[in-house]
Structure formats: C-alpha cells, structure tokens
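Okay, here's what each chain looks like letter by letter:
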Amino acid sequence: MGANTSQVSDLSENPSLKTLVGGDSISENDPFWNQLISFTFISPTSSADSKLLEEAVIPLAKILIDNNPRTGNFGALVRIFLGRTKELKISTECQDQLFIWQAHNALFMIRCLLKVFIRQMSEEQLHLHFSYKERAPGSCDAGGEDLLEEFMCNLVHLIVEVPLLDITYSILFEAVTTLLVLLSYQLFHKDILRDGLIYQHIMKGRCLSLTSRLVKTLLYNFIRQEKCPPPATHIFEPQSEGGGLLYGLASGVASGLWSVFTLGGAGSRTGLDQEHNPLPLSNQSLLLLLVLANLTDGPDWPNPYRQAVTCFRNTQDTSSLPAEQPHSFQINFNSLYTALCDQQRSDQATLLLYTLLHQNANMRTYMLSRTDMENLVMPILEILYHVEDRNSHHVYMALIILLILTEDDSFNRSIHEVVLKNITWYTERSLTEISLGSLLILVVIRTIQFNMTRTRDKYLHTNCLAALANMSAQFRCLHQYAAQRIISLFALLSKKHNKVLEQATQSLRGHQDDNAALPDYAQDLNVIEEVIRMMLEIINSCLSNSLHHNPNLVYALLYKRELFEQFRTHPSFQDIMQNLDTVIGFFSHRLEQAGSDLSVERVQEVIIKGAQALPTDRLKKFPELKFKYVEEDQPEDFFIPYVWSLVFNSGVGLHWSPQGIELFSMDSG
C-alpha cells in the first residue's frame, strides 16, 4: 500500500505509509492523499497471504495508534474515503475506473488498520480514534458529527446503491468485508455482545432505514454467484510484465485492481486462488447476512435484520404488505431456491437454508410447493452421508432441515414419487434406481448407526428418529434395501440392549459384597429402550397406515421375525408389539398355507395378496407420530459462536490469530 508499494515486505519502509502513521498532521487538502491512495496492491484471498499482510500492517498500525491522538490522520483518511464515495454512483455510470480504484484503495487501507485497531482497543477507544482531529494535540471532534457512524452508514449506502459490475466488484467486496471487521469485536468476547457503539449504529442508527435494502442486496449477491472479474477486464493495461507491480497515476494506469483477489497478479498463482474461492463477494455477503440476522434483540427493539429475513416475499406475490411487517421486501424466490440448491456444500449456505425454512413462512411454503425438491434434498443427504468429513454443526443443520421438511405431509408423500437413478456418492451399495424417500431413509439410518458407534450424541439420535417417525405413516413402496436397513438397525439396537443388560447383571453379581459405586447401566439401558421403542413405533406406524404399499418391509420383518420375540413380553413394548405380532402371525400363516421351499418371488406374491386381504380393523390404532422442531431457549448461545466460527474459517482474505479468540474453542468450528 502507499504510492510505491507492490509487495508486503515493502510496507514497513514505504515512505507514504510512514508519513500517514507519523507524528505530523496532514491536511485533507494535501496532494499527499491523492498519492497515498494511488497504488496497486493485489489484495490477498487466502488465509496464509492475509496473515503475512496483517503481520506487516501491525507495526505501522501501532505507530498510528500512538500518533493519531495528536495528528488525526486516521480520521482524515476516513474523510478522504467518504469524499471519494459521494460520487461513486456517478463514477460507475461514467465508467470512471480511476475514481473507483482510489476509493477502493482508501477503504482497503482503512480495513487493514481497523482490523489491528479492534484487537488493540475497546469500542470506546476506537470511537475516539475516529474523532481525533489535527486542530490541537489530542482534541476530539466536538462538532456533533459521529465519524464512525457516518463511515458505517456510508458502507451500507455503498453496498445498496452501487451496482455490481466488473469495475465495482472489488470495492463492494471491500465494503462488505469492512462491515464484518467492524462487527468482529464479538470474536474477542466469551459472552454474547448485546450492546456497544457498533451494535447501536448498525441496529438502530441511521443505517436502520436501509435494513431491507441491505438484506436484499446481500441475498442477491449470494444468488448471483458472481466470480471475481478476470484481469482481462482491465481497461488500462499494465506497462510491464509480471504480477504485483506498481502502475502509478503518473503513467495514467489504473492498476491490477480488477485482479484484486489473485495475489501476485497474472502470475502462476492466479488459477489456484480463483479455484480455491471463486466467489469471494457471494461468500462474504452471505457471512455478513448471517452475522446481522443473528445479532441479539435489544432490550426494547427487535433485530431489524432478522425481521427482514423472516418476512420477505416472492416478487410474484401481488398481495398487499401487512402493515405490521417492517423491513419487508420482495425477491425472486426461484433464483434464491436455485442458489440454495447449488451451494449446500458450504456450512453458511446450509445455515441460510435452515434460517429461511425455520423463520420465513413464505419461503418455506414456496420450497415445499416445488416439484423438484430432489435438487434441494440431495445435497442435504450428501452432507449427512459424508458425516465423517463434516463438522458436527453442519451435520446438525442438515438434519434439522430434514426434520422441518418432514413436518409436512405432502413432502413425505411426494418424496416417494421421485425416482432417482445411479446415486454415485452412495458407495455402500450400487443403487441403480431408488425413490428419494427410500434414499432419505437409508441416509438417516446410516447417520444413526454412525452416531451409535462414534459420537453417541443423544441430540443427533433424537432428530434422526423424529424425521423417520414423521415420514413413517407415508412410507410408500420402500426399496428392499431401505426395508432391510430399517430391520438391521433394529437388530443392532436389540444386540446393544442385550449387551448392556448382560453387563448390568454381571456387574450386580460381582458387587454383591462390595460397597463400591456401580456403573450407571440403568441410564444406558433406559436410553437404548427409548430408541428401541421409537423404532417399533416407526415400523408400527408404517404397517398401520400403509402396509399394502410396503411389501418389502413385510418381507424384511418376516425374514428377521425372531428378533422381535424377546420384546413381546417386555413391559415397555407390549402395547406396541401387538400390531407387529398380528402382522407377523397373519403373513406367517399365509406362507405356511402356500407350501414349503417357496422362491423369493413367490413369497413376495403371497405378501402382496395378503396385504390386500388383511382387515384394517385387526390393527390397533395408535396416535399419529408427529414431531416438530423447536429452537432451544436462547438460540443465540449456539448460533452466534457458530456464525463467527464460519467467518473465522471461511472469510475471504481475513486472517485472525487463534490467540485471543474467546467466543468459541478453536476445535469447535
């Protein structure tokens, strides 16, 4: 940075930067500012390159912290930026790249300095550094202007007013990133921040009137999935070969700004960085949206960004807006749905999908009405299938999305009508043709089995079983492999039950004359019996409601009928076992009548005919199995650390040292 800079290693010796951070005040009319912000510096996108940049900026920022109370140079730099942005929209319309380039450079410098400031000082001290002016040593601006709020409002205005074009991509990215940096105070506090200057400015200051436009713009940035413009979009060509060189204003060259995300310019690393994160603005906009939507409500005002996220409507919705919905707006649901389907490999896109499904009734209704739900459900199933490679939060979000979807009966019916061919990522068995419903059952059962052997998380178990239970009454034409896996899971639970029972018995025998504390086998047994009961209820629900649609489940049940013997007389399962006994007895009798040594085909034929003949009143009616997802009390205790762990791990061009991060433990993300 600075007029003659091209590489990180040069920063500390750069004369322009030395002047900026030095002990002399610089008038805002000084030609120095024009020189300072006329540089080419390829902004890093990888965390490693960002770390190098920050390490070079820290010593300069510390000198500025010492001198700024006397010089006011930081405030002057902010005002230079604000002056440049006033004409930004006109500059864009006139294709005035030079002006946009300088405004970007000023903002890039401010962002780099702010990131260090926030680690070094409180919000109150930061506010002072915005206020210091050159009039007298240590004096603050008493004119009523709050430069920090002015700066934040300016960033929001910039994001919502300036159209996204090749020439504006970089400054829009920088504005979004700078807002994230300002909000990053949360990273360094264990407790959830519910107040503070920056929180006040973004939640109820002059930014408030732009809430719906900001949320809409961030969503459209996510929807558009615009790649970083390639270096070919330069209008001014560099005068010499190689990456990261300086092209000064004197030669009338505007710089390699348009390859600002490919450290090293057009050199060999360009392709790698573009591949690593080809959608920096889309990613960063989504992260900022999630941070804003998850800010806590104030003592007497709700979070306006969450309000906007929960009530926006489809552009095709022509009904009048309810007066009680502030910050509402309209957006193209089809485009948003397509983007959500395409981007589920990232935590943040899955979290956005969860947020919209859970909180925005308009979007939930729209998604459930789609006839191509497989485009949304398949990526979610793939996340769960690769549970070993995903962090636990991503798995939870995927699972809760399925649970919310299965609350809808029409969804539960329609997934069995969608037939899929050749599921390449499902490697346990070749699935040449299977319904989406059967695949969903297979993946959820696999998640339960993984959890039983590895993580043993009761919360995961509960949500998996709840999703299966919600679907069970509408199981239709289950694939034979799905039917087998349902019974196999029951077999696994039965085996585990017997093992714990045996351990408890042996433990009691061995401790008869011993006063030592016993392991809590009763609790283990209780948990397993709860899960077994739930599985029996799921099988029973299917048999009671759609037995004639599921000959493969009846076949699997008969094949492993001995599994259920031990539970017939168990007091916890007697009631639910009645229907299973009736079905097993009825079909066993019909098979005996059909003769011995029956082929698989003949057995299936007997089952299909028997299913039509079984009187429905022979099966006892149980209450419908229905589970509804409810967010925990104080959801911010989970979501705010989760969102910031995503910013920490996935923010483009942002690197934070793990030391000093208080909000989450470094292995939780």
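Thresholds applied
- Residues numbered from 1 in each chain as written.
- Predicted model: local features only at pLDDT ≥ 70, side-chain atom pairs only at ≥ 80, totals over all residues.
- Heavy atoms only, no water.
- Helix = DSSP H or I, 4+ residues; strand = E, 2+ residues; numbered from the N terminus.
- Contact = heavy atoms within 4.5 Å.
- Areas by Shrake-Rupley, 256 points an atom, 1.4 Å probe, with all protein chains shown as cover.
- 1 Å grid on protein atoms, 1.4 Å probe; cavity = no way out; pocket = protein on both sides within 12 Å on 5 of 7 lines; lining within 4 Å.
- Points joined across faces, edges and corners; volume = space filled by probe spheres on them.
- Nonpolar A, V, L, I, M, F, W, Y, C, P; charged D, E, K, R; others polar.
- Phe/Tyr/Trp six-rings, centres within 6.5 Å; stacked < 30°, edge-to-face > 60°.
- Buried < 20%, exposed > 50% of the residue type's maximum accessible area, 1.4 Å probe, protein only.
- Lys NZ or Arg CZ within 6 Å of the ring centre and 35° of its normal.
- Expected span 1.5 Å × (residues − 1).
- Core = buried A, V, L, I, M, F, W, Y, C linked by side-chain atoms within 4.5 Å.
- Polar contact = N/O pair within 3.5 Å; in protein donor to acceptor, adjacent residues only side chain to side chain.
- Salt bridge = Lys/Arg side-chain N within 4 Å of Asp/Glu carboxyl O.
- Axes fitted to C-alpha atoms, helices over the stretch in contact; angles between N-to-C directions.
- Parallel < 35°, antiparallel > 145°, perpendicular 65-115°, else oblique.
- Left-handed = near helix turned anticlockwise from the far one by under 90°.
- pLDDT = per-residue confidence, 0-100.

Draft legend 1. Layout of the overall build of the protein chain. Of the regular secondary structure elements, the protein chain holds 28 helices and four strands. Taking contacts inside the protein chain between residues at least 6 apart in sequence as the whole, the part at least 24 apart equals 74%. Split by element, the accessible area of the protein chain, about 28,400 Å² in all, is 50% carbon and sulfur.

Draft legend 2. Just empty space enclosed by the protein, in detail. With the rule as written, the count across this model stands at three cavities of 30 Å³ or more. The computed volume of the largest cavity comes to approximately 180 Å³. In this structure, the largest cavity is lined by 16 residues; those nearest its centre are Leu183, Gln186, Leu193, Tyr199 and Leu295. Element by element, the count of residues in the lining of the largest cavity is highest for helix H28 (residues 636-650), at three residues. Along the lines of polarity and charge, the residues of the lining of the largest cavity split into 12 nonpolar, two polar and two charged. Volume-wise, the second largest cavity comes out at about 90 Å³. Of all the secondary structure elements, the ones that give two or more residues to the lining of the second largest cavity are helix H3 (47-71) and helix H6 (97-120). When grouped by side-chain class, the residues that make up the lining of the second largest cavity number six nonpolar, three polar and three charged.

Draft legend 3. Structural detail: the packing of aromatic side chains. Under the criterion given, the structure shown has 24 aromatic pairs. With centroids separated by 6.3 Å and ring planes inclined at 80°, the aromatic side chains of tyrosine 337 and tyrosine 366 adopt a geometry described as edge-to-face. In this pair, tyrosine 337 is assigned in helix H15 (residues 333-342) and tyrosine 366 in helix H17 (residues 361-369), connecting sequence segments 29 residues apart. Across this residue pair, the class does not change: tyrosine 337 and tyrosine 366 are buried. For the pair tyrosine 555 and tyrosine 559, a centre-to-centre distance of 6.4 Å together with 10° between the ring planes defines the contact as stacked. Highlighted residues: tyrosine 555 and tyrosine 559, both in helix H25 (residues 551-559), separated by four residues, approximately one helical turn. The partly exposed category is assigned to tyrosine 555, whose relative accessible area is 23%. Pairwise contacts between aromatic rings join Phe74, Phe81, Phe117, Phe130 and Phe151 into one cluster. For the cation-ring pair, arginine 84 lies above phenylalanine 99, with the distance from its terminal atom to the ring centre recorded as 5.9 Å.

Draft legend 4. Focus on helix H16 (residues 347-359). Here H16 spans 18 Å end to end across 13 residues, near enough to the 18 Å set by a 1.5 Å rise per residue. For H16, a buried count of 11 out of 13 residues is recorded, marking the element as mostly surrounded by other parts of the structure. Taken residue by residue, H16 has Asp347, Gln348, Ala349, Thr350, Leu351, Leu352, Leu353, Tyr354, Thr355, Leu356 and Leu357 as its buried positions.

Draft legend 5. Region of interest: helix H18 (residues 374-385). Relative to the 16 Å expected for 12 residues at 1.5 Å per residue, H18 spans 15 Å between its end C-alpha atoms, a close match to the ideal helical length. For H18, the buried fraction is high: nine of the 12 residues fall into the buried class. Turning to H18, its buried residues are Leu376, Val377, Met378, Pro379, Ile380, Leu381, Ile383, Leu384 and Tyr385.

Draft legend 6. How the structure looks around the nonpolar core. Phe151, Leu439 and Phe564 are the most contacted members of the largest nonpolar core, which totals 226 residues. Element by element, the count of residues in this core is highest for H6, at 13 residues. Not counting the four nearest positions on each side in its chain, leucine 439 is found in contact with Met378, Leu381, Leu420, Ile423, Trp425, Tyr426, Leu431 and Ile434.

Draft legend 7. Broad picture of the environment of glutamate 54. Mapping glutamate 54 onto the fold places it in helix H3. For glutamate 54, a relative accessible area of 15% gives the class buried. Taking the C-alpha atoms as reference points, glutamate 54 and lysine 115, separated by 61 residues in sequence, lie 8.4 Å from one another. Aside from chain neighbours lying at most four places away, what touches glutamate 54 is Lys115 and His655. Here the side chain of glutamate 54 touches lysine 115 through a polar contact of 2.6 Å, side chain to side chain.

Draft legend 8. Local environment of the pattern of salt bridges. Taken as a whole, this structure holds 23 salt bridges when the rule is applied. For glutamate 150, the salt bridge is made with arginine 206, and the minimal N-O distance between the two is 3.0 Å. One end of the pair, glutamate 150, is in helix H8 (residues 147-161); the other, arginine 206, is in the loop between helix H10 (197-204) and helix H11 (211-224), and 56 residues separate them in sequence. One continuous salt-bridge network, built from bridges that share partners, spans Glu388, Glu428 and Arg446.

Draft legend 9. Broad picture of the environment of isoleucine 607. Positionally, isoleucine 607 belongs in helix H27 (residues 600-613). Residues isoleucine 607 and leucine 591 lie 16 residues apart in sequence; the distance between their C-alpha atoms is 8.2 Å. Not counting residues within four places of it along the chain, the set of residues in contact with isoleucine 607 comprises Pro551, Val554, Tyr555, Leu558 and Phe587.

Draft legend 10. Local environment of unusual backbone geometry. Phi angles above zero are rare outside glycine, and histidine 327 is one such case at about 65°. Position of histidine 327 relative to the elements: it lies in the loop between strand S1 (313-314) and strand S2 (330-331). Despite not being glycine, glutamine 634 has its phi angle at roughly 50°, a positive value. Within the element layout of this structure, glutamine 634 appears in the loop between H27 and H28.

Draft legend 11. Spotlight on the packing of helix H24 (residues 521-546) against helix H26 (residues 574-594). The geometry of H24 relative to H26 is characterised by a closest axis approach of 9 Å and an angle of 45° between their N-to-C directions. Classified by the interaxial angle, the pair formed by H24 and H26 is oblique. The handedness of the crossing between H24 and H26 comes out as left-handed. Taking contact as the criterion, the partners of Arg533, Leu536, Glu537, Ile539, Asn540, Leu543 and Ser544 in H24 are, on H26, Asp575, Ile576, Met577, Asn579, Leu580 and Val583. Here the contact of H24 with H26 is built from residues that sort into seven nonpolar, three polar and three charged.

Draft legend 12. Highlighting the environment of serine 392. Mapping serine 392 onto the fold places it in helix H19 (residues 392-406). Judged by relative accessible area, serine 392 falls into the partly exposed class, the value being 42%. Here the alpha-carbon distance between serine 392 and leucine 460, two residues 68 residues apart in the chain, equals 9.5 Å.

Draft legend 13. How the structure looks around the confidence of the model for the protein chain. Taken as a whole, the protein chain shows an average pLDDT of 85; of its residues, 87% reach a score of 70 or greater. Confidence drops under a pLDDT of 50 for residues 232-275, and excluding neighbours within four residues, the segment shows 101 contacts in the predicted structure.

Draft legend 14. Representation of the packing of helix H13 (residues 280-293) against helix H14 (residues 304-311) within the structure. For the pair H13 and H14, the least separation of the axes is 7 Å and the interaxial angle reads 110°. As judged from the angle between their axes, H13 and H14 are roughly perpendicular. Contacts between H13 and H14 pair Leu289, Leu292 and Ala293 from the former with Tyr305, Arg306 and Val309 from the latter. In the contact of H13 with H14, the residues fall into five nonpolar, no polar and one charged.

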